[in-house]
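# A look at the structure
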Amino acid sequence: MIKTDHITAANAQAETALRADYDALGEQLDRRGVDIAAIKAQVSDYGVAIPSWGTGTGGTRFARFPGAGEPANIFDKMDDCGVIHQLTGATPKVSLHIPWDDAPAADLLAKAEETNLAFDAMNSNTFQDQPDQAHSYKFGSLSHTDRAVRQQAIEHNLYCIELGQKIGSEALTVWVGDGSNFPGQAHFIRQFDRYLDSAKEVYAAIPDDWRLLTEHKIFEPAFYSTVVQDWGTNYLIATELGDRAQCLVDLGHHAPNVNIEMIVARLIRFGKLGGFHFNDSKYGDDDLDTGSINPYQLFLVFNELVDATGAPGFNPAHMLDQSHNVTDPIESLMSSAIEVQRAYAQALIVDRDALSGFQDGNDALMASETLKQAYRTDVEPILAMARLEKGSAINPVATYRASGYRAQVAETRPVSSGAGGGIV
């Protein structure tokens, strides 16, 4: 962790300017009938989970270029996650990926207490072969033609649930790489039926207070067909499984220019929006830093979420899911957490009465301008003031860089190999 004195000293240099900016924004919002203190309180209460695997350097299919001080295990990862939350005050939970993060529950809980973190959804991995497994997932996992392979994948998911119960998780996220690369390779209906049968066995083991989140992905690693390829198929799965099965929306897992905010609205309408993996995309499943390519889309997604706040049973999980190929992962995760908060704050200040009136009156221009007014508002003083009041950093990236944390951990962590590729 970073010394508190270092954060306090850094904040002291920026606090006067921040308070002036905050007061000026407060006056502006007051003229629009918006209480800045209320918005700040909601932003302060908001949190987005960190993916444990996001703390390491990702890669393309061709190469991986690790940086200094790469985490060597889940405990190193949680140290990094603890620093991210310490500086941003916005990432109180970490999401584990099994078997990458497998460890005794008691050790995980002790590390969580040390780093001031809790655990979010568990993530199973049946898209990679592990050294000790009996059967390969080369041709699928939950939908494989061989019952023995499907059973192996089912049992892995059951283990994730068992470990998750011990550490306080309340959800299991299931993504499979199952699909096909050639026309005719797989029988679409039989393959999907096998997936459903396997998923039902996993769902039957979900505790009463848990959710099963299934994730769709248009492509990768299969390039001709994917078993859970879009939100419609994902909705069918969640409906078939039961009330505690919901859909997880990853912003990068859609075809270019797809209206993701409308998908979000559809899933909200039918009670099947389970959560998000936030990232950004230009061409495909790029897993770029959240808000780095299309921040307006992120805002529009949060516009739908804020609009649905208070609906019965509406409680989607929020998590980052990114691959950091050329940046320090800690810096990218901090930046992305702040961008998610920014979109949330902007959505909170939308004049919803005016927007509804323009929608009902078919005034397309003014409806659009109402959203743009909120999006164009610089809410950074709200985010920074929320961090200051939590004892976090007014300027997280600058404070992190000045702390020398990366150089410090690089002295004790083993040098990570850059051998091999693989998309995270």
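Anyway, here's the lowdown on the structure attached to this text. Note that the structure is predicted; figures quoted are calculated from it, not measured.

### A look at the overall build of the chain
Counting its regular elements, the chain contains 15 helices and twelve strands. Computed over the C-alpha atoms, the radius of gyration of the chain is 22 Å, within 12% of the 22 Å expected from 2.2 N^0.38 for a compact globule of 424 residues. Considering only C-alpha atoms, the chain reaches an extent of 65 × 60 × 40 Å along its principal axes. Considering only intrachain contacts with a sequence separation of at least 6, the fraction spanning at least 24 residues in the chain is 79%.

### Observations regarding unusual backbone geometry
In the segment running from Ile98 into Pro99, the intervening peptide bond is cis, with an omega of 20°. Tracing the backbone through its elements, the reader meets Pro99 in the loop between β3 (97-98) and α4 (105-115). With an omega of -5°, the peptide bond between Glu220 and Pro221 qualifies as cis. Structurally, the position occupied by Pro221 is in the loop between β8 (211-215) and β9 (225-226). One non-glycine residue with positive phi stands out, namely Asn116, at about 60°. A relative accessible area of 57% means that Asn116 is categorised as exposed. Even without being a glycine, Asn362 presents a positive backbone phi close to 60°. Mapped onto the elements of the fold, Asn362 is located in the loop between α11 (352-360) and α12 (364-376).

### Brief notes about the sheet that holds strand β11 (residues 273-278)
Read across the sheet, seven strands follow the order β3-β5-β6-β8-β10-β11-β12 without closing on themselves; strand pairing throughout is parallel. Bordering the open sheet on either side are β3 and β12 (317-320), each of which pairs with just one other strand. When strand β6 (residues 171-174) meets β8, the two strands line up parallel, connected through four bridges. Considered in β8, the bridge of Ala171 is made with Arg211. In the packing of helix α6 (residues 188-204) onto the sheet, the strands contacted are β6, β8 and β10 (245-250), and the crossing angle to β8 comes to about 150°.

### Brief notes about the nonpolar core
Counting 103 residues, the largest nonpolar core has Leu96, Leu108, Leu172, Phe276, Phe278 and Phe302 as its most contacted members. With eleven residues, the single largest contributor to this core is helix α10 (residues 329-348). Once residues lying within four places of it in the same chain are set aside, the contact partners of Leu108 are Ile74, Phe75, Met78, Leu96, Asp101, Ala103, Phe119, Leu163 and Ile167.

### Side note on helix α5 (residues 147-167)
Compared with an ideal rise of 1.5 Å per residue, which puts 21 residues at 30 Å, α5 spans 31 Å between its outermost C-alpha atoms and is within 8% of the ideal. Within the sequence span of α5, burial applies to Val149, Arg150, Gln152, Ala153, Ile154, His156, Asn157, Cys160, Ile161, Leu163, Gly164 and Ile167. On the buried face of α5, the contacting elements are β3, α4, β4 (118-119), β5 (122-124), β6 and α6. A distance of 2.8 Å separates the backbone nitrogen of Ala148 from a side-chain oxygen at the start of α5, and that oxygen is part of Asp146.

### Notes on the side chain of Ser225
As for its placement among the helices and strands, Ser225 is situated in strand β9. Residue class for Ser225 comes out buried when judged on its relative accessible area of 13%. Side chain to side chain, Ser225 and Ser180 meet in a polar contact 2.4 Å long. With residues near it in sequence (within four places) discarded, Ser225 still touches Gly179, Ser180 and Phe188.

### Brief notes about the pairing of β8
Extensive coverage of β8 is indicated by the burial of five of its five residues. Residues Arg211, Leu213 and Glu215 of β8 are buried on one face, and the alternating residues Leu212 and Thr214, pointing to the opposite face, are buried as well. With four bridges connecting them, β8 and β10 associate as parallel partners. Each bridged residue has a counterpart across the sheet, and for Glu215 the counterpart in β10 is Leu248.

### Re the side chain of Glu331
Topologically, Glu331 is positioned in helix α10. Setting aside residues up to four positions removed in sequence, Glu331 forms contacts with Val397, Tyr400 and Arg401.

### A closer look at the pairing of β6
Here β6 shows no split at all, with Ala171 and Thr173 on one side and Leu172 and Val174 on the other all buried. One ladder, built from two bridges, connects β5 with β6; its direction is parallel. In the sheet register, Asn123 faces β6, and the bridge partner there is Thr173. Taking the sense of rotation as the criterion, the β-α-β connection linking β5, α5 and β6 turns out right-handed.

### What about the sheet that holds strand β1 (residues 50-51)?
The parallel open sheet is built from three strands, whose spatial order is β1-β2-β4. Only two strands of the sheet have a single partner each, and these edge strands are β1 and β4. Bridge analysis of β1 against strand β2 (residues 93-95) gives two bridges, and the strand direction is parallel. Counted as the bridge partner of Pro51 is Ser95 from β2.

### Some thoughts on the environment of Asn303
With respect to the element layout, Asn303 can be found in helix α9 (residues 295-308). Excluding its chain neighbours within four sequence positions, the residues that come into contact with Asn303 are Ala347, Val350, Arg352, Leu355 and Leu371. Looking at Asn303, its side chain comes within polar contact range of the side chain of Arg352, at 2.8 Å.

### Let's talk about α9
Between its terminal C-alpha atoms α9 stretches 20 Å, which fits the 20 Å expected from 14 residues at 1.5 Å a residue. When you tally the buried positions in α9, you get ten out of 14 residues, the bulk of the element. Buried residues of α9: Gln297, Leu298, Phe299, Leu300, Val301, Phe302, Asn303, Leu305, Val306 and Ala308, and no others. Buried positions along α9 lie against α8 (260-269), β11, β12, α10, α11 and α12. Directly after α9, the chain includes Gly310, whose backbone phi takes a positive value near 95°.

What counts as what
- Residues numbered from 1 in each chain as written.
- Predicted model: local features only at pLDDT ≥ 70, side-chain atom pairs only at ≥ 80, totals over all residues.
- Heavy atoms only, no water.
- Helix = DSSP H or I, 4+ residues; strand = E, 2+ residues; numbered from the N terminus.
- Rg over C-alpha atoms; globule rule 2.2 N^0.38 Å.
- Contact = heavy atoms within 4.5 Å.
- Buried < 20%, exposed > 50% of the residue type's maximum accessible area, 1.4 Å probe, protein only.
- Pairing = 2+ DSSP bridges.
- Axes fitted to C-alpha atoms, helices over the stretch in contact; angles between N-to-C directions.
- Core = buried A, V, L, I, M, F, W, Y, C linked by side-chain atoms within 4.5 Å.
- Expected span 1.5 Å × (residues − 1).
- Polar contact = N/O pair within 3.5 Å; in protein donor to acceptor, adjacent residues only side chain to side chain.
- Right-handed = clockwise from strand over helix to strand, strands pointing away.

Interpretation note: all reported values are geometric properties and have no functional meaning in isolation.
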